[in-house]
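Architecture at a glance
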Amino acid sequence: MRCKITSVTCSCDTRDIFWCPHVVALSLHRIRHADAVQLRIPISETLLQMDRQQLQKMVQYLISEHHTEVLPTAQKLADQILQHTHPINHIQGAPDPTAGGSAEEEHCWHLDAEQVKEQVGQYLTQGGYYNANKQLYFMFTKVREMVRARDSNGAKMLTMITEQFLNDPRLLLWKSQGTPMTDKCRQHWDHIAALWVCVVLAPHSSSYEKQQRQRTLEQWAHTDVCPLEDPDHRHQDTNERNRSAAYYLTSDDESSDEDNELRRRDPNNREHNHRHHHVQRENRENRERDRRSSHRRHKRRRISAPPRTIFHRAIDACNMSWDDHHLRTILAGETPVLRSTQHQHPSSYYNEQGQPLWHEPVPIACSRVDALRSHGYNSEALRLAVAVVRTLKQAQREAYLWWGSKRDEMLPRCSPSRACRSLGPGALEGWVGHPLDPITCLFDTLAEASLLPEDLPRFQYHSDWLGVANEDATNLAPLRYRHVPIPGSNDPWESYLTLALEAALIGLGQQRAMPPGLYAQEKACKQEEKMILKLQELTLDSPLLAVLRRQARLLLEGGPFSGLGEGIHPESVPMHTFTKFLFTALLPHDPDLGYQLALRAIRLPILEDHDDVDDPANGNVSSLVLSRYPRWFTLGHIETQQCALACTMINAAKNDVMRLRSVLDAALRNIHSSSHLFKLAQDAFRLGLPGEGQRNSLLLNAALELGLQVMRMTLTSLNWRRREMVRWLVTCATEVGVSALISIMQNWFSLFTPTEATGAVASTIMSHTTVMRLQLDRAEQDELAACARSLALQCATKDPPNCALNALTLCESDPVSFETAYQVVVDAAAHTMTSSQLFTIARYMEHRGYPHRAYTLAMLAMQSVHLAYNQDTHPAINDIHWAVALAHSLGRTELSQLLPVFIKNVQCATVLSDVLRRCSLSAPGMACPDSKRRPIKPLAFDKQPLRGLLEATILAYINTTNSRLTHISPRHYQDFIDFLTKAHETFMLAHDGHIQFAQLIENMKVAYKGKKKLMCLVRERFG
């Protein structure tokens, strides 16, 4: 029996690449109730037992029972058999569908090719919908299942999926528009590329199959719409990329011999040489030097080479072989016995314990592991993964020892954060964010071998969907692991699970250059976060904790080979997210080591060379970083993770003064973004003042210190949250106490602008709410008030236009300070303050009961007001009316002083006439406290001071009339008549006003006699 279902038919209408529910139900019934299904011999064997009469009866009964379906076929077969020359009579025997397949027949599952193509095409047309992406993921999972079962249909199905993806019309559209494909689509392409690497690396594939697949991949790679290996590649970026590559190569070529040796020992760049088995260490170093030179020449050639497509990794994998003797030894699990001399001088094939190593670039070696695991060679994959991890550990140990011998020589080149540009940028192709995801491959392979048996069926789904935000993956239960010893290991604590943890820690801690594009940078962040989620599921028992401590120390002291070490390149990827995991895991067990790691990792060397400002016009840090190559598109995310790491440390050190001090110093030194530093300050404040529980004064003081730094950073720059920051700082200082409030007021010039200091700061501090909140006694209130008055006077002197009113308000309770602030306003009125500002302060003075001071300020304001004849809606008109009313209320003398200034600066007839009538309604001096000076009768129009005002009003009406007539249109005739009516009323107030008005009308009739309609209206109204 085949033990496989090779074809299915069902009467239902379901069409899908998966079986319908009826087929699934029947299959499950056959599996679960095998005894209830009767097994029969093939029908051909039964027919052999019948004679001619029985056979004829059976055929006739069959035709009679199903005559509509069978009769046409039976008649056709009968006609063919009766023809002696028909080919059917020359075939031996007849087909039997119940006999199963022959031994030579291809062993594969049933696959409906047309249905697969149709479904993939439909999913692609649905674009970025969640269900379509989910179904495509299930298709990729199905391919892996078929490959693991060594079903040849797996490669066929992947071929169909790839062809449909290449036929996606969006590829041509994106290429023609020069826009990148969507992230979801690119993720699917990455999945396809990784699957092809697994397929072509199948250990059981023949050379003919590899050649066939290589030709197919090359054919796809030469299509115009084939995606490139670099998702962020743009034609216009070619020169930029060449310059970046040239920079890296130049720094590599010009570095010292010590630097070259440093890179030669880098585990990220080691390659395997299989020609000599027993060699001395010096010979290996010479070969490595030659290899580095060759690698640089190859890099120079690759700069000008055409861009690689997404299939080129699979094409390269077609040329990889499984025939290496040492590789076969590893896969077979054979460990040869080494002589004692070899233990003392281990070769590149074995470590000091005689355990096999595999020196190959990590992504390539891990692609072999993934291919073995994907094709069902689990034991072989596990052995190779162990060899790869042991190779990484040995390279890490050698790098650690080398850096220990060169540390004193290299440290003088480093910056305060232990970054050094001359040592090179680290690995140009990092393991985290790599298209083949080598570290995840190593971890999954080793962790799967450590699973409890009951969790094994859900491992792949859990691994794929962990951390994905959707309804199916939100409640994934953590996987449960156990320690499985490694056969042949000399270390009793070593297990597959400890090696999985070590592989993840080494990979996450690798110093690597920032990827050049947005998609690559975001992909690296997602891979890192997903790997950390997997590590967080591990229960840190004694063996795992020992591994964690050992690796943490190696990463901390391993020099530039670790992203947490000393001598890293300033442009290497920061380690904030990874270190937050390490810190949280180590804190309960080894807090000293955890703090050492976190304080080292909080650095951000890429920003050390720039000023700590946020103003784009004056050197914004983010804009400077984004203007270089490679651009740090994820800088915002990196700074967010840096802030999260600092917040975690602050929370952990909330009861330890010394550690909290060191954390604050590190945060203030390394966090260059005011917004993120402000968020950190808010988090510290929230932790120090919980809704329930006791307040923490250490955290509140830490929050205040961070807030003060935010104020200094944003004082001279533009930040849309500045107002919120100022209000929050006052709130924080209030919670800290009176001393903090006094301190920020005394040092206001380095924290706030004068407007902020007198407004949001001093006014809030002096409010009744603050006094009640702090429960201040009289002496403390007086101290705060004195400090606020001193601040107010300083701000008023520095910025009178914006601070004078607040300064007067703050100084109300002290006559000397109030008089000083008033004098500052008077001195600044002539050259720095506008009329509206002076009117506002004058109104305030009147409201506070100082009318004469208000009059003085109103006079100063009136001197800077100018109204033309047509400005009858000027915003200063209300202030002018108030000023005249104030002078009128004080007396005839004040009014006589104000009106000449008013007449000089105001030429608007309507405003003049309104003021004239208001002044004539009542006697001046109604608000004068001296009853002897108070007049009884209203002012006369024929006497001063109203006589000059009346004459100026009449003159203004005459000038305005002539001006309006110059450009008048028929639609404005009625407005002009109303204007003349008001003018007539004003003319009548003068003793010869009727004569002047009549003369005005007569002059109009003569000068504008051509405007007959207008003149007609004038005669109708005025004669």
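In this text the structure is predicted, and so the values were computed from the model without any measurement. (Residues numbered from 1 in each chain as written. Predicted model: local features only at pLDDT ≥ 70, side-chain atom pairs only at ≥ 80, totals over all residues. Heavy atoms only, no water.)

**A short note on the overall build of the chain**
Helix and strand content of the chain: 46 helices and zero strands. Within the chain, the proportion of its 1023 residues that are buried is 48%. In the chain, of all internal contacts separated by at least 6 residues, the share reaching a separation of at least 24 is 72%. A total accessible area of about 51500 Å² is found for the chain, and carbon and sulfur atoms account for 53% of it. (Helix = DSSP H or I, 4+ residues; strand = E, 2+ residues; numbered from the N terminus. Buried < 20%, exposed > 50% of the residue type's maximum accessible area, 1.4 Å probe, protein only. Contact = heavy atoms within 4.5 Å. Areas by Shrake-Rupley, 256 points an atom, 1.4 Å probe, with all protein chains shown as cover.)

**Concerning the pattern of salt bridges**
Counted by the stated rule, this structure contains 39 salt bridges. For Lys679, the salt bridge is made with Asp683, and the minimal N-O distance between the two is 3.1 Å. Highlighted residues: Lys679 and Asp683, both in helix H29 (residues 674-688), separated by four residues, approximately one helical turn. When its relative accessible area of 40% is taken as the criterion, Lys679 is described as partly exposed. Via salt bridges that share partners, Arg390, Lys393, Glu494, Glu502 and Arg550 belong to a single interconnected network. (Salt bridge = Lys/Arg side-chain N within 4 Å of Asp/Glu carboxyl O.)

**Some remarks on the packing of helix H28 (residues 657-670) against helix H30 (residues 697-714)**
As a packed pair, H28 and H30 sit with axes 11 Å apart at the nearest point and diverge in direction by 15°. Classified by the angle their axes make, H28 and H30 are roughly parallel. The element H28 and its partner H30 pack so that their crossing is right-handed. Counting all contacts with H28, which are made through Val657, Leu660, Arg661, Leu664 and Leu668, the residues of H30 involved are Leu698, Leu699, Ala702, Glu705, Leu706 and Gln709. (Axes fitted to C-alpha atoms, helices over the stretch in contact; angles between N-to-C directions. Parallel < 35°, antiparallel > 145°, perpendicular 65-115°, else oblique. Left-handed = near helix turned anticlockwise from the far one by under 90°.)

**Thoughts on the environment of Lys175**
Its location among the elements puts Lys175 in helix H8 (residues 169-177). Taking the C-alpha atoms as reference points, Lys175 and Pro227, separated by 52 residues in sequence, lie 9.3 Å from one another.

**A look at the state of the cysteines**
Put plainly, a disulfide is one covalent bond tying together the sulfur atoms of two cysteines. One pass over the full model with this rule turns up zero disulfides. Of all cysteine sulfurs, the one in Cys643 lies closest to Cys647, which takes part in no disulfide; the gap is 6.6 Å. (Disulfide = S-S within 2.5 Å.)

**Details of the confidence of the model for the chain**
Per-residue confidence for the chain gives a mean pLDDT of 83, with 84% of residues at or over 70. When the criterion is pLDDT under 50, residues 235-304 qualifies, and its contacts beyond four places in sequence or with other chains add up to 112 contacts. Predicted confidence for residues 339-345 stays below pLDDT 50, and this span has five contacts to residues more than four positions away or in other chains. (pLDDT = per-residue confidence, 0-100.)

**Some thoughts on the packing of helix H39 (residues 851-862) against helix H41 (residues 892-905)**
Between two packed helices, the angle of one axis relative to the other and the distance separating the axes together describe the packing. Relative orientation of the contacting elements H39 and H41 amounts to 20°, with a least axis distance of 10 Å. Of the possible angle classes, the one that applies to H39 and H41 is roughly parallel. Classified by chirality, the crossing of H41 by H39 is left-handed. Contacts from His852, Tyr855, Met859 and Met862 in H39 reach Glu894, Gln897, Leu898, Val901, Phe902 and Asn905 in H41.

**What to know about the packing of aromatic side chains**
Evaluated as defined, the whole model comprises 14 aromatic pairs. One aromatic cluster is present, formed by Phe140, Phe165, Trp189, Trp196, Trp220 and Phe311 through successive ring pairs. Over the face of the ring belonging to Trp322 we find Arg368, whose NZ or CZ atom lies 5.1 Å from the ring centre. Note that Arg721 overlies the ring of Trp720, its terminal NZ or CZ placed 5.9 Å from the centroid. (Phe/Tyr/Trp six-rings, centres within 6.5 Å; stacked < 30°, edge-to-face > 60°. Lys NZ or Arg CZ within 6 Å of the ring centre and 35° of its normal.)

**Comments concerning unusual backbone geometry**
Notably, Arg150 is not glycine yet its phi reads approximately 55°, a positive angle. The phi dihedral of Arg418 is positive, around 70°, even though this residue is not glycine. Note on placement: Arg418 falls in the loop between helix H18 (378-410) and helix H19 (438-448). Since its relative accessible area comes to 31%, Arg418 is described here as partly exposed.

**Some points on a nonpolar patch on the surface**
On the surface, a cluster of nonpolar side chains totalling about 350 Å² of accessible area is made up of Trp19, Val24, Leu28 and Ile31. Relative to the assigned elements, Ile31 resides in helix H1 (residues 21-32). (Patch = residues over 30% accessible without salt bridge, like charges linked within 9 Å, V, L, I, M, F, W, Y side chains within 5 Å.)

**A closer look at the side chain of Arg603**
For Arg603, the position within the fold is in the loop between helix H25 (591-601) and helix H26 (621-626). Buried and without a salt bridge, Arg603 has Glu608 as its closest oppositely charged side chain, separated by 7.3 Å. In this structure the side chain of Arg603 is engaged in a polar contact, spanning 2.7 Å, whose partner is the backbone oxygen of Gly565. At 3.3 Å, the side chain of Arg603 and the backbone oxygen of Arg600 are in polar contact. Excluding its chain neighbours within four sequence positions, the residues that come into contact with Arg603 are Ser417, Arg418, Gly563, Leu564, Gly565, Ile568, His576, Gln642 and Asn670. (Lys, Arg positive; Asp, Glu negative; His and termini not counted. Polar contact = N/O pair within 3.5 Å; in protein donor to acceptor, adjacent residues only side chain to side chain.)

**Looking at the side chain of Thr986**
Checked against the element boundaries, Thr986 lands in helix H44 (residues 973-987). When its relative accessible area of 0% is taken as the criterion, Thr986 is described as buried.

**Thoughts on helix H17 (residues 362-374)**
With 13 residues, H17 extends 18 Å between its outermost C-alpha atoms, agreeing within 8% with the 18 Å of an ideal straight helix rising 1.5 Å per residue. With 12 of its 13 residues buried, H17 lies for the most part within the structure. Positive phi appears at Gly376, one or two residues downstream of H17, with a value of about 90°. (Expected span 1.5 Å × (residues − 1).)

**Some thoughts on the environment of Ala883**
Turning to its location among the elements, Ala883 is positioned in helix H40 (residues 877-890). Classification of Ala883 as buried rests on a relative accessible area of 1%. With 25 residues separating them along the chain, Ala883 and Ala858 place their C-alpha atoms 5.9 Å apart.

**Let's talk about the environment of Cys811**
Assignment of secondary structure puts Cys811 in the loop between helix H36 (800-810) and helix H37 (815-829). Counting along the chain gives 26 residues from Cys811 to Ala785, while the straight-line C-alpha distance between them is 8.6 Å. With residues up to four places along the chain from it excluded, the contact list for Cys811 reads Arg789, Ala792, Leu793, Ser817 and Phe818.

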